[in-house]
Amino acid sequence: MGMGPSSPQPWQRHRLCSALLVLVLFVFLWGTSQANEELAALPPRGWNSYDSFSWTVDESAYLQNAQILAEKLLPHGYQYAVIDFLWYRKYVDGAYTDSYGFDNIDEWGRPFPDLQRFPSSTVDRGFSQIASKVHGMGLKFGIHLMKGISVQAVNANTPILDIKTGKPYIEDGHQWTARDIGLTHRTCAWMPHGFMSVNTDTGAGRAFLRSLYRQYADWGVDFVKVDCIFGTDYSPEEIITISELLQEIDRPIILSLSPGTEATPALAENISDHVNMYRITGDDWDNWNDVSSHFSVSSSFAAAKKIGATGLRGRSWPDLDMLPFGWLTDPSVNQGPHRKCNLTLDEQKTQMALWSMAKSPLMYGGDLRHLDDITLSIITNPTLLKINHYSKNNMEFHYVHSERTSKKEHSGRFRSPYHVDLTKNDGMFVGLTACNDDTANGWYMISQDGKPDHICRNYEIQNDKIRNTSDTCLDASAGRRRTASEIRFPMFSACRWHAKQMWELNANGNLVSSYSGLCASVESRDEGVFYEIGTNGARAWVATGSKGEIYLAFFNLDSTSRKMAARISDLGMVLRRALLRKHLCSCTEVWSGKNFSLTKEEISAVVNPHASMLFEIIC
């Protein structure tokens, strides 16, 4: 006679219960560790689709790039695969960056992927299928977002989802909708037909953002790049709200801000500890003016001790934008990759060296399907990557001797770490200050063709002081997204009648930012943090390694070769390293691998135009 299944013995039941308890405890601890993981403990690295595809990337091209990222760059720390903007826009005739009516939004006013470009999204009207494939490659999945809520959703007056009930959000007996929370006076400056801020002072505004970011977490998103929310479009309340909502989610998600037009260390002070990355420049493209415009702004953030400061669940990093190397598209086009990078090899090395010395996040922008060996060697240089992640004391080094043909320069000791040549309008800067500050007064409005829409101020620089004279006006443009080299500090120019800014002029003569609530001031050399106007000349950066190495980078921003030199004693002074003696030190140039002798207690080399030299000094 056969025997049926027997009941477990007591000792078996005890072992089974113990095993289940261990499993439950493991799952709990794993989830807790995931939620408490220090985010962005090191500057994040990855690939972003924007430089090569603009907004037209599709699922096939994205996954092909992700696969190459996993194979070739993941071993070097590049782990985030990011789909950039307008993934929810239909790729059809008439659709472009600021077009209206082509976006996919659900019944709750939330965007979902274009099903033609991302066919796997038909499963859940989301990215869960793609995210699962990316995670299977060992990568992390990221998406670009715009701030707030879409203009389409507001015009359609969609209801707001209450994720606690799965029904429309109701408060005080009122069913809230998109029109109740959309701030129509705060649309994105470069995409006014696309998105606007939401009122985060209301429970409904927070409920909408909560439903948005909880959905992204459910899709498996690890990285969000939120645009039109920092710099000119500064929305600190929304930044902080998003940060708080992400902390409610068990899934760790990196919070990155973009684009950072006209960002300053003072502007970042209130939000840097709520995010993990934040752009401090306009869009960086593959031209030398864009690259050279990053030197002064990166120096100011380093001097302000913002590199690796406290951030959302971890650290935060000033972001110099992507590396536009390899196979690219053009800015603001509806077209995929079709051309080679316009930067020379020296210029690409200069950009990589600055990004590494400034410890910027490294996001490669080229189409990885066309990644060549030379580009690969630049973005995976082991010393540069070691500096980018593990170096300390990163700062601009001001004690550099420079010689160009017959003209000699010596930077000497600057009166401030931000050297500025004051010449007429180019010495003046628009800053943000408290509205009761005297420097915020003196603005006035003029009109043209009966339209009172132009803000001006009379000034002239004389002996580093402001003296009222002829009209000059704010130079800004809301019509398009500008590149890094087009963002000028100052923003003054001769009157240009199309210029717009998101400011409000009050009766006291204050120019109030509609985003930050701070007031515009005009500053000169002695009044604050500034940026060098010129792009020519010699610059240098210094940092220390985890094993006591000293890294010194020479940058020649000039169009002709320069001989540059730095004294060992000055390095010791700046880095507070006593008794640096040349006979105890070895010096290797990283790009070439050549050994350099330390003659006369100094490091000296001729640097090619737009080139860099990076020295690793071991004493």
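Cut-offs used in this document
- Residues numbered from 1 in each chain as written.
- Predicted model: local features only at pLDDT ≥ 70, side-chain atom pairs only at ≥ 80, totals over all residues.
- Heavy atoms only, no water.
- UniProt positions renumbered as here; feature names shortened; annotations may be inferred.
- Helix = DSSP H or I, 4+ residues; strand = E, 2+ residues; numbered from the N terminus.
- Buried < 20%, exposed > 50% of the residue type's maximum accessible area, 1.4 Å probe, protein only.
- Contact = heavy atoms within 4.5 Å.
- Areas by Shrake-Rupley, 256 points an atom, 1.4 Å probe, with all protein chains shown as cover.
- Disulfide = S-S within 2.5 Å.
- Axes fitted to C-alpha atoms, helices over the stretch in contact; angles between N-to-C directions.
- Parallel < 35°, antiparallel > 145°, perpendicular 65-115°, else oblique.
- Nonpolar A, V, L, I, M, F, W, Y, C, P; charged D, E, K, R; others polar.
- Expected span 1.5 Å × (residues − 1).
- Pairing = 2+ DSSP bridges.
- 1 Å grid on protein atoms, 1.4 Å probe; cavity = no way out; pocket = protein on both sides within 12 Å on 5 of 7 lines; lining within 4 Å.
- Points joined across faces, edges and corners; volume = space filled by probe spheres on them.
- pLDDT = per-residue confidence, 0-100.

With an unreviewed UniProt entry as reference, the protein chain is termed Alpha-galactosidase, source organism Panicum hallii var. hallii. Listed in UniProt under the heading Sequence similarities (unreviewed entry), the comment for the protein chain reads: "Belongs to the glycosyl hydrolase 27 family." Heading Catalytic activity (unreviewed entry) of the UniProt record for the protein chain holds this comment: "Hydrolysis of terminal, non-reducing alpha-D-galactose residues in alpha-D-galactosides, including galactose oligosaccharides, galactomannans and galactolipids."

Draft legend 1. Here's a closer look at the overall build of the protein chain. Assigned secondary structure in the protein chain consists of 15 helices and 37 strands. Counting the 619 residues in the protein chain, one finds 55% classified as buried. For the protein chain, long-range pairs separated by at least 24 residues make up 73% of all intrachain contacts whose partners lie at least 6 apart in sequence. Within the structure as shown, the protein chain displays about 26,400 Å² of accessible surface, and the carbon and sulfur contribution to it stands at 51%.

Draft legend 2. Expanded view of the state of the cysteines. Applying the stated criterion across every chain, the model contains one disulfide. The side chain of cysteine 188 participates in a disulfide bridge whose partner is cysteine 228; the two sulfur atoms lie 2.0 Å from each other. In this structure, the disulfide formed by cysteine 188 and cysteine 228 twists by about 100° around the S-S bond and is classed as right-handed. Taken as a pair, cysteine 188 in strand S9 (residues 182-188) and cysteine 228 in the loop between strand S11 (223-227) and helix H8 (236-248) lie far apart in primary sequence, 40 residues in all. Judged by relative accessible area, cysteine 188 falls into the buried class, the value being 0%. Residue cysteine 228 is classed as buried on the basis of its relative accessible area of 0%.

Draft legend 3. Highlighting the packing of helix H11 (residues 294-303) against helix H12 (residues 345-357). At a minimum axis separation of 11 Å, H11 and H12 run at an interaxial angle of 10°. For the element pair H11 / H12, the angle class is roughly parallel. Residues His294, Phe295 and Ser298 of H11 form the contact with H12, whose own contacting residues are Thr350, Leu354 and Trp355. A per-class count over the contact of H11 with H12 returns three nonpolar, three polar and no charged.

Draft legend 4. View of helix H3 (residues 59-73). For H3, built from 15 residues, the straight-helix expectation of 21 Å at 1.5 Å per residue is met to within 8% by its first-to-last C-alpha distance of 20 Å. Of all the residues in H3, the buried ones are Glu59, Ala61, Tyr62, Leu63, Asn65, Ala66, Ile68, Leu69, Ala70 and Leu73. Buried residues along H3 sit in contact with strand S1 (45-48), helix H2 (50-53), strand S2 (80-83), helix H4 (128-136), strand S3 (140-146) and helix H13 (373-379).

Draft legend 5. Up close: the sheet that holds S9. If you walk across this open sheet you meet the three strands as S4-S10-S9, and the pairing is antiparallel. One side of each edge strand has no neighbouring strand; the edge strands of this open sheet are strand S4 (149-150) and S9. Relative to strand S10 (residues 191-198), S4 runs antiparallel, the two being bridged by two bridges. Across the sheet, the residue bridging to isoleucine 149 is methionine 196, located in S10.

Draft legend 6. The environment of tryptophan 47, seen in detail. Inspection of the secondary structure puts tryptophan 47 in strand S1. Under the relative-accessibility criterion, tryptophan 47 is labelled buried at 0%. Note: C-alpha distance between tryptophan 47 and glycine 366 (319 residues apart in sequence) is 8.2 Å.

Draft legend 7. Representation of the pairing of strand S15 (residues 314-319) within the structure. Counting buried positions along S15 gives five out of six residues, so the element sits mostly inside the fold. In the sheet, strand S13 (residues 277-279) pairs with S15 via three bridges, with the strands oriented parallel. Looking across to S15, one finds that tyrosine 278 is bridged to proline 318. Sheet topology note: the strand S14 (residues 309-311)/S15 ladder contains three bridges and is antiparallel. Each bridged residue has a counterpart across the sheet, and for glycine 311 the counterpart in S15 is glycine 314.

Draft legend 8. The pairing of S3, seen in detail. In terms of burial, S3 is a largely internal element, six of the seven residues being buried. Two elements, S2 and S3, share four bridges in a ladder whose sense is parallel. Directly across from valine 82, in S3, lies its bridge partner glycine 142. Note that S3 and S11 share five bridges and pair parallel. Bridging across to S11, methionine 146 finds its partner in aspartate 227.

Draft legend 9. Structural context of empty space enclosed by the protein. Evaluation of the coordinates by the stated rule reveals five cavities of 30 Å³ or more. Looking at the largest cavity, its volume works out to about 100 Å³. Pro111, Met146, Phe195, Leu212 and Tyr216 are the residues nearest the centre of the largest cavity, which is lined by 18 residues in total. Mapped by element, the contributors of at least two residues to the lining of the largest cavity are S3, S4, helix H7 (203-219) and H8. The greatest single-element share of the lining of the largest cavity, amounting to five residues, is contributed by H7.

Draft legend 10. Focus on the confidence of the model for the protein chain. Averaged over every residue, the pLDDT of the protein chain is 83; the share at 70 or more is 75%. Contacts of residues 459-471 to residues separated by more than four positions or lying in other chains number 32 contacts, the stretch itself having pLDDT below 50. Per-residue pLDDT stays below 50 along residues 488-501; that stretch engages in 49 contacts with residues further than four places along the chain or on separate chains.

Draft legend 11. Summary view of the packing of H12 against helix H14 (residues 382-390). The contact between H12 and H14 brings their axes to 7 Å, and the two run at 30°. Of the possible angle classes, the one that applies to H12 and H14 is roughly parallel. The segment H12 lies against H14, with Met352, Ala353, Trp355, Ser356 and Met357 engaging Leu384, Leu385, Ile387 and Asn388.

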